[in-house]
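Secondary and tertiary structure notes
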Amino acid sequence: YRIRTNLNVVSPEFIIADTVFDRVTRAALKGFYYQRCGVSLPFAYAGWYLHGFCHTGDATFHATAESTGTVNAVGGWHDAGDYGKYVVNAGITVGTLLLAHSLYPERFSADDVGIPESGNGVPDLLDEVRSELEWMLKMQAGNGGVFTKLTKTAFESFVMPQNDAGTRYIYQISSTATGDFAAVMARASATYLPYDATFAARCRTAAERAWSFLSSH
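Residues numbered from 1 in each chain as written. Predicted model: local features only at pLDDT ≥ 70, side-chain atom pairs only at ≥ 80, totals over all residues. Heavy atoms only, no water.

**Section: the layout of surface pockets**
Note the following rule: A cavity, in this analysis, means grid points on a 1 Å lattice covering only the protein atoms where a 1.4 Å probe fits yet has no way out; a pocket is instead an open set bounded by protein on both sides within 12 Å along at least five of seven lines, and a residue lines either one if it has an atom within 4 Å of a point. Grid points are joined across faces, edges and corners, and a volume is the space filled by probe spheres set on the points. Polar here means any residue other than Ala, Val, Leu, Ile, Met, Phe, Trp, Tyr, Cys and Pro, which are nonpolar, and Asp, Glu, Lys and Arg, which are charged; Gly is therefore polar. In this text, helices come from DSSP runs of H or I with a minimum length of four residues, and strands from runs of E with a minimum of two, each type numbered from the N-terminal end.
In this structure, the largest pocket spans a volume of roughly 380 Å³. In terms of lining residues, the largest pocket is bounded by 19 residues, among which Q35, H78, Y83, V159 and P161 are the most central. Among the residues making up the lining of the largest pocket, the classes are represented as 11 nonpolar, five polar and three charged. Looking at the second largest pocket, its volume works out to about 260 Å³. Lining the second largest pocket, in full, are D18, F21, D22, T25, R26, L29, E106, R107, F108, A110, V113 and L125. Ranked by the residues each element gives to the lining of the second largest pocket, the list is headed by helix α1 (residues 22–33), at four residues.

**What about a nonpolar patch on the surface?**
Operational definition: Residues form patches when they are more than 30% accessible in relative terms and have no salt bridge. Like charges link within 9 Å. Nonpolar side chains (Val, Leu, Ile, Met, Phe, Trp, Tyr) link within 5 Å. Accessibility throughout is a Shrake-Rupley quantity obtained with a 1.4 Å probe, and a residue counts as covered only by protein chains that appear here. Each reported salt bridge corresponds to a side-chain nitrogen of Lys or Arg within 4 Å of a carboxyl oxygen of Asp or Glu.
Taken together, Y1, I3, F14 and I16 make up a surface patch of nonpolar side chains, about 460 Å² in accessible area. Within the secondary structure, Y1 sits in the segment before α1.

**Comments concerning unusual backbone geometry**
Our working rule: Relative accessible area decides the class of each residue, using a 1.4 Å probe on protein chains only: under 20% of the type maximum gives buried, over 50% gives exposed, and in between gives partly exposed.
With an omega of 10°, the peptide bond running from D58 to A59 counts as cis. When you line up the elements, A59 lands in the loop between α2 (43–46) and β1 (60–61). Although it is not a glycine, N8 sits at a positive phi angle of roughly 65°. Among the structural elements, N8 can be located in the segment before α1. In this structure, H55 takes a positive phi of about 50° despite not being glycine. Topologically, H55 is positioned in the loop between α2 and β1. By relative accessible area, H55 is classed as buried at 8%.

**Quick look at the packing of helix α3 (residues 87–103) against helix α5 (residues 175–191)**
Cut-off, in case you're wondering: Axis angles are defined between N-to-C directions and span 0 to 180 degrees, where every axis is a line fitted to C-alpha atoms and, for a helix, only to the segment in contact. Throughout, the term roughly parallel applies to angles under 35 degrees, roughly antiparallel to angles over 145, roughly perpendicular to angles from 65 to 115, and oblique to all others. Two helices cross in a left-handed way if the nearer one is turned anticlockwise from the farther one by less than a right angle. They cross in a right-handed way if the turn is clockwise. Residue contacts follow a heavy-atom distance rule, with two residues in contact if any of their heavy atoms lie within 4.5 Å.
At a minimum axis separation of 9 Å, α3 and α5 run at an interaxial angle of 25°. Taken as axis vectors, α3 and α5 run roughly parallel relative to one another. Two packed elements cross with a definite hand, and for α3 against α5 that hand is left-handed. Along the contact surface, α3 presents V87, V88, G91, V94, G95, L98, L99, H101 and S102, while α5 presents T176, A177, D180, V184, R187, A188 and T191. Here the residues of the contact of α3 with α5 sort into eight nonpolar, six polar and two charged.

**Quick look at α5**
The test is simple: Expected span of a helix, by definition, is 1.5 Å for each gap between consecutive residues, and there is one gap fewer than residues.
Taking 1.5 Å per residue, 17 residues should reach 24 Å; α5 reaches 24 Å between its end C-alpha atoms and fits that length. Those residues of α5 that are buried are in contact with α3, α4 (124–138) and α6 (197–216).

**Quick word on the environment of E208**
For E208, the location among the structural elements is in helix α6. A C-alpha to C-alpha distance of 26 Å links E208 and H62, two positions 146 residues apart in sequence.

**Section: the side chain of H51**
Within the fold, H51 resides in the loop between α2 and β1. When neighbours within four sequence positions are excluded, H51 is seen to be in contact with R36, V39, S40, L41, M160, P161 and Q162.

Treat this as a map of the structure, not an account of what it does.
Structure follows, in structure tokens:
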């Protein structure tokens, strides 16, 4: 459609339809793929947003974590404006995406968005969210609490992710991170049950351990 005024001013062409947001929805979902951390993004999937393997050494415990040494915390998504990774931010995003899928499964059933998992019989939204969930699971301590974030002591300069060198630390357990984690993992356990019962059970156990920690602290 176009709108034409009585002064013969014509608007740009636009669409009126119940699918008007389909293209932007797919583009927004694909945007999460570009934020993946710890992996390479090949041209076949990322186009000009490609980059090499990054942050494969995550992570060292910060003094605030009351732990020492290192732990495998590779994966997940970079945050919006930096290469850090934050459980609370992740909880907000993952929770929203899982809720969207729960409320409107037919709107988020696409399996052809153009990520490596496309075509595997699982909605790409759930494939992409799982990449973040897998990282979140690595942020749970042995006592059930959840470490709040993984980042450098100072933000990196404006560089490609594979050029971001330096030690990246896991910081202290927090109630907020643990609560977000418990809620997200509980919802994930129900959402993924039809697709991967083993992963769903893993999420449920993690949620219960986080809730137990909160109940005791």
